[in-house]
Amino acid sequence: MMTNGNNEDKVAEIGRTLEDVRKIMSLSTHSHISGYIPLLCGVSALLGSLAAHRYPEHMLLEAIIVLVAAIAVLFIFTLIEARKNGVPLAFSKRNRRMFIGLALPMSVGGILCIAMLMAGVYDWLVPVMLLCTGLGAVNLSQNTDRTIMWAGCGFILTGVAACFLRQYAMFIWTLGFGWLDLLYGIILLLKNRDGGKK
């Protein structure tokens, strides 16, 4: 026969279990992006832009370095955030949706850029990069922090501008991938800091 003490222990254990489930569900459905990711991506893009102005003959190599640096920053900070929240980086259903939503437009953009490079069509590289990155960010916002949608819209707008102002392509690329990323990173850091105080 169970005593009142045993019943209270069982109720307390169930309560703790439900609280753990609630925390896991909250983490799995509301991923928050670290503001340091766009901030560091913006810095790497600005450094790449500066290098491209000084050494234009190595522009393709510099663009590849900036891309690799951005992917590395994304992976490292995602790993840090996951460990901090005690969430394993499993390839869950939500993570698959996030990966497909980002990878599909980015892969299409990458293939188009390679095709244009092979054909010697350089004028449209910047618009394609910005537009595909913007579409990827908007898709990503469906399964993570919704504020990334505004960054995606910013990339799309700068991409549209680059379509009609191709003579200013390098300036627009710097504006989109450099300054826009920096601004978004600062906004995210301030948002996360204010959210942490509540």
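So, a few notes on the structure that sits alongside this text.

Conventions used here
Residues numbered from 1 in each chain as written. Predicted model: local features only at pLDDT ≥ 70, side-chain atom pairs only at ≥ 80, totals over all residues. Heavy atoms only, no water. Patch = residues over 30% accessible without salt bridge, like charges linked within 9 Å, V, L, I, M, F, W, Y side chains within 5 Å. Areas by Shrake-Rupley, 256 points an atom, 1.4 Å probe, with all protein chains shown as cover. Salt bridge = Lys/Arg side-chain N within 4 Å of Asp/Glu carboxyl O. Helix = DSSP H or I, 4+ residues; strand = E, 2+ residues; numbered from the N terminus. Axes fitted to C-alpha atoms, helices over the stretch in contact; angles between N-to-C directions. Parallel < 35°, antiparallel > 145°, perpendicular 65-115°, else oblique. Left-handed = near helix turned anticlockwise from the far one by under 90°. Contact = heavy atoms within 4.5 Å. Nonpolar A, V, L, I, M, F, W, Y, C, P; charged D, E, K, R; others polar. Expected span 1.5 Å × (residues − 1). Buried < 20%, exposed > 50% of the residue type's maximum accessible area, 1.4 Å probe, protein only. Phe/Tyr/Trp six-rings, centres within 6.5 Å; stacked < 30°, edge-to-face > 60°.

Bringing a nonpolar patch on the surface into the picture now. Together, Val160, Phe164, Leu165, Tyr168, Phe171, Leu175 and Trp179 make up a nonpolar patch on the protein surface, roughly 790 Å² of accessible area in all. Listed by contribution, the elements that provide at least two residues to the nonpolar patch are helix H6 (148–164) and helix H7 (169–197). At three residues, H7 tops the list of elements feeding residues into the nonpolar patch.

Take the packing of helix H5 (residues 125–140) against H6 next. Look at H5 against H6: their axes get within 7 Å of each other, and the N-to-C directions meet at 160°. Comparing their axes, H6 and H5 come out roughly antiparallel. Crossing of H5 over H6 shows left-handed handedness. Here Val126, Pro127, Leu130, Leu131, Thr133, Gly134, Leu135, Ala137, Val138 and Leu140 of H5 come into contact with H6, specifically with Ile148, Met149, Gly152, Cys153, Phe155, Ile156, Thr158, Gly159, Val160, Ala162 and Cys163. A per-class count over the contact of H5 with H6 returns 16 nonpolar, five polar and no charged.

Before going further, it helps to spend a moment on H6. Its 17 residues place the ends of H6 25 Å apart at the C-alpha level, agreeing with the 24 Å of an ideal helix rising 1.5 Å per residue. Every buried residue of H6 is accounted for by Ile148, Ala151, Gly152, Gly154, Phe155, Thr158, Gly159, Ala162 and Cys163.

We now examine the packing of aromatic side chains. The geometry of an aromatic ring pair comes down to the distance between the two centres and the angle between the two planes. Enumeration over the complete set of coordinates arrives at two aromatic pairs. Judged by centre distance (5.5 Å) and plane angle (35°), the rings of Phe155 and Phe177 are tilted. On the criterion of sequence distance, the pair formed by Phe155 in helix H6 and Phe177 in helix H7 is long-range, its members being 22 residues apart. Residue Phe155 is classed as buried on the basis of its relative accessible area of 5%. For Phe177, a relative accessible area of 12% corresponds to the buried category. Plain terms: the ring middles of Trp173 and Phe177 are 5.3 Å apart, the flat faces sit at 55° to each other, and that makes the pair tilted. Here Trp173 and its partner Phe177 are both found in helix H7, four residues apart, which amounts to about one turn of the helix. One exposure class covers both Trp173 and Phe177, and it is buried. In this structure an aromatic cluster arises from ring pairing among Phe155, Trp173 and Phe177.

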